[in-house]
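So the chains spell out like this:
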Amino acid sequence: MVVHQESAERANRLFHALADATRREIVTLTLTGEQSVSQLARRFPMSFAAVQKHVAVLERAGLVTKQRQGREQRVRGNADALREARRLLDQLADVWRGRIDRIDAILAGPGPGNSENSGEHAHASDRHPEEP
C-alpha cells in the first residue's frame, strides 16, 4: 500500500509539473543542452523569481536537476523522468483500452431474439473473486 501511494504521489508530481506550458518548454530547452536559470529567465516574459519557481517544481518532480556552478545555477533535463511519465500514460491507456474493448463486446453481444443470456458476457476481470 505504501509503495502504491508513493507511486501515485510521484505520478502526481510529474503530471503537475508537466501541466504547465512554461515548465514543458523549460524541460525541452534543458534536454537539448544545459541552461543557467538566468538564460532560461531571458527566454520568458516573466520575472527571474517566477522562472526559479518553475524550475523548483520541475526539480521536485525529477524532470530537471540543478547544480551550482560558481554564481550560476545550471539546469539539466532528465530524459528518464519523461520516459517514466510516458510509461505511466501508456499504462492508463491500456486500462482504458481494456474497458472500451469490454464495452464493445457487451454492445456486440447477442441481438434481439437470440436465446443466449446477455448476463453471461461479463468480463472475468469485472467479477469479484468469490463470484462464479
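Everything discussed here concerns the structure shown above.
Let us look at the structure shown here. Since the structure is predicted, the reported quantities are computational estimates derived from the model, not experimental observations.

Further remarks concern the overall build of the protein chain. A count of helices and strands for the protein chain gives 5 helices and 3 strands. In the protein chain, the succession of helices and strands from N to C terminus is α-α-β-α-α-β-β-α. In the protein chain, which comprises 132 residues, the proportion classed as buried is 24%. At a minimum sequence separation of 6, the contacts of the protein chain that also span at least 24 residues come to 54%. Taken as a whole, the protein chain presents about 9,500 Å² of accessible surface, with 52% of it coming from carbon and sulfur.

This part takes up the packing of helix α2 (residues 21-32) against helix α4 (residues 48-61). Packing of α2 against α4 brings their axes to within 10 Å, and their N-to-C directions diverge by 75°. When the axis of α2 is compared with that of α4, the two are roughly perpendicular. Facing T22, R23, I26 and V27 of α2, the residues of α4 in contact are V51, H54, V55, V57 and L58. Here the residues of the contact of α2 with α4 are counted per class, giving 6 nonpolar, 2 polar and 1 charged.

The next thing to look at is the sheet that holds strand β1 (residues 35-36). A sheet is described by the order of its strands in space; here 3 strands give the open sequence β1-β3-β2, paired in antiparallel fashion. Two strands lie at the open edges of the sheet, namely β1 and β2 (64-69), each paired on one side alone. As paired elements, β1 and strand β3 (residues 72-77) share 2 bridges and run antiparallel to each other. Along β3, the bridge assignment pairs S36 with R74. Across the face of the sheet, α2 comes into contact with β1, β2 and β3 while running at roughly 90° to β3.

Rules used throughout
Residues numbered from 1 in each chain as written. Predicted model: local features only at pLDDT ≥ 70, side-chain atom pairs only at ≥ 80, totals over all residues. Heavy atoms only, no water. Helix = DSSP H or I, 4+ residues; strand = E, 2+ residues; numbered from the N terminus. Buried < 20%, exposed > 50% of the residue type's maximum accessible area, 1.4 Å probe, protein only. Contact = heavy atoms within 4.5 Å. Areas by Shrake-Rupley, 256 points an atom, 1.4 Å probe, with all protein chains shown as cover. Axes fitted to C-alpha atoms, helices over the stretch in contact; angles between N-to-C directions. Parallel < 35°, antiparallel > 145°, perpendicular 65-115°, else oblique. Nonpolar A, V, L, I, M, F, W, Y, C, P; charged D, E, K, R; others polar. Pairing = 2+ DSSP bridges.

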